[in-house]
Every structure is written in C-alpha cells, then in structure tokens.
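# Geometric and topological summary
Here is how the chains run, residue by residue.
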Protein chains: 2
Amino acid sequence: MSVSIRDVARVAGVSVATVSRALGNGPVSDALRAQVEAAVKATGYHPNLSARRLRSQRSGTIGLVVADIRNPFFTAVAHAAEDAAYRAGLRLILCNTEEDPAREAIYLGLMQEERVSGLLFAPTRLTQKELPRQRFAYPVVLIDRTGPNSAHDSVTLDNHAAMGALIDHLVEQGYRRIGGLFGKTSNTGVERRNGYLAGMLAHGLTPDYREVAPSAVAAHAEATQWLARGDRPEALVTSNSLLMTGAMKAAREAGLRIPEQLALAGFDNESWTELVEPGITVIEQPVEEIGRTAMNLLLERLQNPALPVRKLVLGGRCIVRGSTQARASMAGVA
Amino acid sequence: MSVSIRDVARVAGVSVATVSRALGNGPVSDALRAQVEAAVKATGYHPNLSARRLRSQRSGTIGLVVADIRNPFFTAVAHAAEDAAYRAGLRLILCNTEEDPAREAIYLGLMQEERVSGLLFAPTRLTQKELPRQRFAYPVVLIDRTGPNSAHDSVTLDNHAAMGALIDHLVEQGYRRIGGLFGKTSNTGVERRNGYLAGMLAHGLTPDYREVAPSAVAAHAEATQWLARGDRPEALVTSNSLLMTGAMKAAREAGLRIPEQLALAGFDNESWTELVEPGITVIEQPVEEIGRTAMNLLLERLQNPALPVRKLVLGGRCIVRGSTQARASMAGVA
DNA sequence: CTGAAAGCGCTTACAG
DNA sequence: CTGAAAGCGCTTACAG
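Residues numbered from 1 in each chain as written. Chains lettered and ligands numbered in written order. Predicted model: local features only at pLDDT ≥ 70, side-chain atom pairs only at ≥ 80, totals over all residues. Heavy atoms only, no water.

### Here we look at unusual backbone geometry
Where we set the bar: The numbering of helices and of strands both runs from the N terminus, where a helix is a DSSP run of H or I of at least 4 residues and a strand a run of E of at least 2. When accessible area is computed with a 1.4 Å probe and restricted to protein chains, residues below 20% of their type maximum are described as buried, those above 50% as exposed, and intermediate ones as partly exposed.
For the bond running from E277 of chain A to P278 of chain A, omega is -5°, close enough to zero to count as cis. Phi is positive for D268 of chain A, which is not a glycine, with a value near 80°. You can see D268 of chain A is positioned in the loop between β9 (263-267) and α12 (271-275). With a relative accessible area of 3%, D268 of chain A lands in the buried category. A positive phi is found at D144 of chain B, a non-glycine position, where the angle reads about 70°. Mapped onto the fold, D144 of chain B is located in the loop between β4 (140-143) and β5 (153-157).

### So, the protein's contact with DNA strand D
Rule in force here: Proximity criterion: a residue is near a molecule or strand once any of its heavy atoms comes within 4 Å of it. Between N or O atoms, a polar contact is any pair within 3.5 Å; within protein, one atom must be a potential hydrogen donor and the other a potential acceptor, and residues adjacent in sequence are included only when both atoms are from side chains. By the convention adopted, Pro, Cys, Tyr, Trp, Phe, Met, Ile, Leu, Val and Ala count as nonpolar, Lys, Arg, Asp and Glu as charged, and the other residues, Gly among them, as polar.
S20 and R55 of chain A together with T18, R21 and R55 of chain B are the nearest of the 26 residues found near DNA strand D. Each atom of DNA strand D within 4 Å of the protein belongs either to a base or to sugar and phosphate, the latter forming 60%. Between DNA strand D and R58 of chain A, the relevant distance is 2.8 Å, taken from a phosphate oxygen to a side-chain nitrogen or oxygen of the residue. Partitioned by chemical class, the residues of the surface near DNA strand D number 12 nonpolar, eight polar and six charged.

### Thoughts on helix α9 (residues 187-202) of chain A
All names here are of chain A. The criterion, for reference: How far a helix is expected to stretch is found by multiplying one less than its residue total by 1.5 Å.
Its 16 residues give α9 an end-to-end C-alpha distance of 22 Å, which sits within 8% of 22 Å, the value for a rise of 1.5 Å per residue. Listed in full, the buried residues belonging to α9 are N187, T188, G189, V190, R192, R193, G195, Y196, G199 and M200. Looking at the residues trailing α9, positive phi occurs at G204, about 70°.

### Description of the interface of chain A and chain B
Cut-off, in case you're wondering: Residues are treated as being in contact if the distance between any of their heavy atoms lies within 4.5 Å. We define buried area as the total accessible area lost by two parts upon association, computed with a 1.4 Å probe and summed across both. A side-chain nitrogen of Lys or Arg and a carboxyl oxygen of Asp or Glu constitute a salt bridge if their distance falls within 4 Å.
If you look at the interface, chain A gives 43 residues, while chain B gives 43 residues. For the pair chain A and chain B, the summed buried area comes to about 4,400 Å², and 54% of that belongs to carbon and sulfur atoms. Put simply, chain A and chain B have eight salt bridges between them. On the surface where chain A and chain B come into contact, there are 20 residue pairs in polar contact (both at pLDDT 80 or more).

Written as structure tokens, this is what we have:
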C-alpha cells in the first residue's frame, strides 16, 4: 500500500535503523545520510505518525478544546495557539464543545485516546467545577475560564476589573439605569456579572441583568423582550461579542437610537464594532497573547512538571467609542 | 504508565482479543462483555488511537486544510464539516495555510503522515494549478476553490453568476463607475473578478479593479489610496468579507457617505453587515451546506472510489441592503 | 557509526 | 464465542 521505512531502507541499501536515525537527526555518517535522503525522495516516503507515536510514546500533539470556534475570541486564540504549537514543532488538535458538558467529556476522553502531551481548555462552568475531582493523564492549561479553587495553570482576563471599568465609564458618562446581559455557561460570564454587580454597588446603583446562552440568537431574543419593556435600561453591557451582536440587532429593530436611547458596551474589539455607527465601546482582550502565552505555560509545564501552579491574569484595554457618549456629548454641548 | 488493553484483559479475566472485540462490537458473549465493561470502568482504560490506527490501517480521520480560519467563511465551513465528520464517527484535523503555498505543501505532507482517509482542501491559486500534476494517497474534495481542469470533487459557489448579480443590481440602481477589489491568492477571487469583468462588459461599462492579498489590512491600504483619487468609483464590490471590512473602514476614514458617495457590495452575510448603517448588500453563501456537502462527497468517494468526478456548484443569494440604494431612494423620492 | 532485534498497543485472521 | 499469535511501522537500547 503505502511506502514504509523498509522500502526506503531497501532502496538506500541500509538498515531500517539507519533510515530512522537519518530522519531523526541521529548519529549517521554523511554518506549514508545522503543515500537515505535520496531514497526518501525516490520513493516519496512519508513516515507513519501513528507508528512513530506508538513506538516513541510521544504524540507531539497538543489538544485545544474550546466552546465555540465561531466566537471570534476563540478563533483568534486558536490561531495564536496553533502558531505557537507549529513553531514548537507540535501539532494542534482543535475541538468544539458547543458549550455542552457531554461533548466536553467526550473530547476529554478523546484527548486521552490521542495521548496528547497537554491540553488547552476553555471549560463550561459545570465542567470547570468538576475539574478538581478529575484526573488528567496530561497537563492542562485553562484558557479564558478558570476558578478560584482551580489547581491548573491558566491564562484569563481580569474580568472583574474590565467590567468594572466599563461600569465606571458608563456612570461617568451619566448613565444610571445600566442593564447587563451575560453568558451563563462560562465562569467568565459569571466573573463579568460579578464585576457588574460590584460596580453598580460601588456607585449605589440598582443592578438589572439577564443571563442567557452565549449566542447572538439567545441575546437577540432576550434583548428584544427586554427593550420592549417600559423599564428598559438606558445602557446595556454584554459579556461577549456574540451577545453584543444580538443585543444591537434587537436595539435596531426596536428603533432605538444609539447612544441617545440606548448605550452599548461590551467585550472584544472586533472590526465591526468600529464600523457600526456609532462605534461600540469595548474591552479589547489581548487575544493573540492569550493563545501564545497559554501554549508557553503548557510547554514550560511539560519541561518541568514540578513547577508551581501559575495563574496568569491579563488586563483588558477599554476602547471608548460613540455608543456610550450620549450624555457626555450633550454635556459638552451644554 | 498508561493503562493498556492487557491491563483490562487481566482485570476482566479474559484475553486481549476478547477485550478488543468487546470494545469494537465484535462477537462476544454478554457475560464476557459485561466483565470487560466493568474492567474498563475499573481501570479507567482509554484505547490508544495510534496503536489502533497502525494496526487497523484506518485513521478514521479527515483533513481540512483552509487558507485562513479567521475568515468567517472558513470558520463556518469548518464548523459544518466538523459536525458532519463527528456524526460519521470521524475526526477532523484542521490546518491553516495563511494563503502560503509553502505551508500548503507542508500540511499536505502532514496529511499523508497522518494517513488521513480523505482531505477537504481550499488551495491557493498557485497550488491549485499544480494539483493535476500531484499525486495524493487519499481522495481530495476541493472547497470554495477549484478550476476548470481540476480532476477532484469540489463544492464551490457559482462565483461568476453571483458577482454578475451584484453588478446587475448596481447598474439597475444607477451606478456606472463600479470598482472591484479582489483577493489575488485564490481562484475564487479570480472567478469573481471575471464575473465582474463580464458584468461590466455586458453593460458597456469600463472596468476598474485592484487585486490584493485577501485581508482587511491589505484592502484597507489599497482602498485608502484609491478612494483619495479624483477618479474614485461611485460603487465598490469586494470578493470577500475581510476585504469589505477594510474597504468600509477606508471609506469611513475618508469621510465618504454610504451609499451617497460610495456604494458597497460584497460577499458573505456576516451579522455585522446587517448592523452597520446602511446595511451592506451581500451575496450570502450557503456556508453550512458547503461544509456538510463537501464532507458527504468525500464520504461517498471513500465508499465508492470509482465514482465519476463530481463538481457541485451552489448558488448564492443576493441580499439587498441600504449600501447600494442611493440612486433608487433618490429616484423613489423624485 | 551501523545493524539485528525487541517491542510500543492494538486488531485480526486462524484454529478450535 | 474465545484465545494464542502474528504483525501494523516505527524507535531505541544493545552489541559491535
């Protein structure tokens, strides 16, 4: 069927062991190495990775299990992580859990079956709570989502502070009735909600929030209903860009002028948040750095398993745009 | 180290062969099957996929090699393909070529080393031209990008017709000076450009187009320069959503009112194209169907290698929004 | 530096 | 239905 290392050895007139060494930078004389390389070219040989992995007991593979690759945050993180893996000579296996704990369990098992060297994981809230009771055959670095009692390395945003900054900004702009729309399947959503609650409390304001599935569709449905009420908020913060898409669509359909009738602020500096009018005020996450750093933490852990648990918390950057500046511009005019 | 099938056999008091059969739906008595299942649970056994693949000579894996996972089109296609693979009990390996032929060659080799059962591939123009001269150890289904002399199954959009529809629409709205911004690394960009040229010719109009790398950054740079010229177009079509993002940003920065001073139309019905004001007129691609259908073509090909080459061409749907309706609304008012 | 041989963890004819 | 044995394609001590 497929050409194997034996075929190469025969063509090169050397032993299988020598071919293996020549391919793996082992100690081989220049003469034999040249013969092997010629034979590889002549036969079109490609090593069988399954055999190599089985024999060497090294998969050279990292798993990346995220909630939803269609969320641009995860797309960007995955891209950065793959780049880092590629540079380190490792392969990356990407899996989508769709925020479903059952699928998470399946994929975690699959990672074990693939004998991955390590795992980057953005768990749902349910699974994350179970993490301390789970045993993993490989080191795990949590991305975007962790918890206080987690014993795993992690790279997350300072969600509490970031949401606090958004609330402070809105209050400074004169908004008081600030509503929140949060994803309910991740601890990130919870942390951002807590930051919202703390911020509202600090300013002596009454919280008013909803928790939904982290999708544009769910946010759209919830916001449509909410914005139709007499007591609708004058400003709305969301915990990710998918929710913002849904909320903004609902606002448009309700005929609400932004920011005069409804201010909007959220997370992730997607291109479109700058293109809509007014632009959306967002917390920009260092997405590339999150992916790259997570991979680095994992590689270091693989090098040295005795390392203490490291939880890296990165700061977001608040980008103020027109969607939160109704009052300020009015104040400026007055 | 890790628990193997031998450990399970020992615990269950049966042979290794029986464990293997019990796990693989082979003929095993109910009694022994129960013993095996108990032993699997007791030991926490997970089969080693490398060993299984090596021995069975079946990888149970499909490769998906795309240009850029950050392009929402590919994100959506990948999502649909993974879903279809998952349903068929297959794994999906996802790779990003970054539109780089060198990386494509590397990943094609990697697919061979992984002994994938088949490949879904969106090649660059360069690589696509070489396809007829290449030998593959696995069946290949081209996604989004193919060519007239391709001997591979494919699922693509009717790019020529879709772009034609866009031009017809613009002309109907009264636009004459219609510029085009096309990605130059893919045959899809070429086909859309050809559709543009044919459309302009059919209406007796003079084409004016630029070809750029398929990224928002490249489009932004090109459009910024273009739109500053005295002979800038009154309407601009782009060949994908990344280019649209860059073009629209440039238009905004140039202070051009859309659609009065510049009409815009392009591809891919991303959420944000509806949220900007005015909304962007786009060709919606059946992204889910493209991914799902490509996987189905591949599965059928695996079942029956003798099947004739099948090139599936899907139609796009033109969604008209405000970005192309300056003249019409004026006409309507007049 | 080089080769013969063992063995990674499975599956699958082959007997019974 | 069940087990003993061969072997998938590699890598890696072990000798020399």
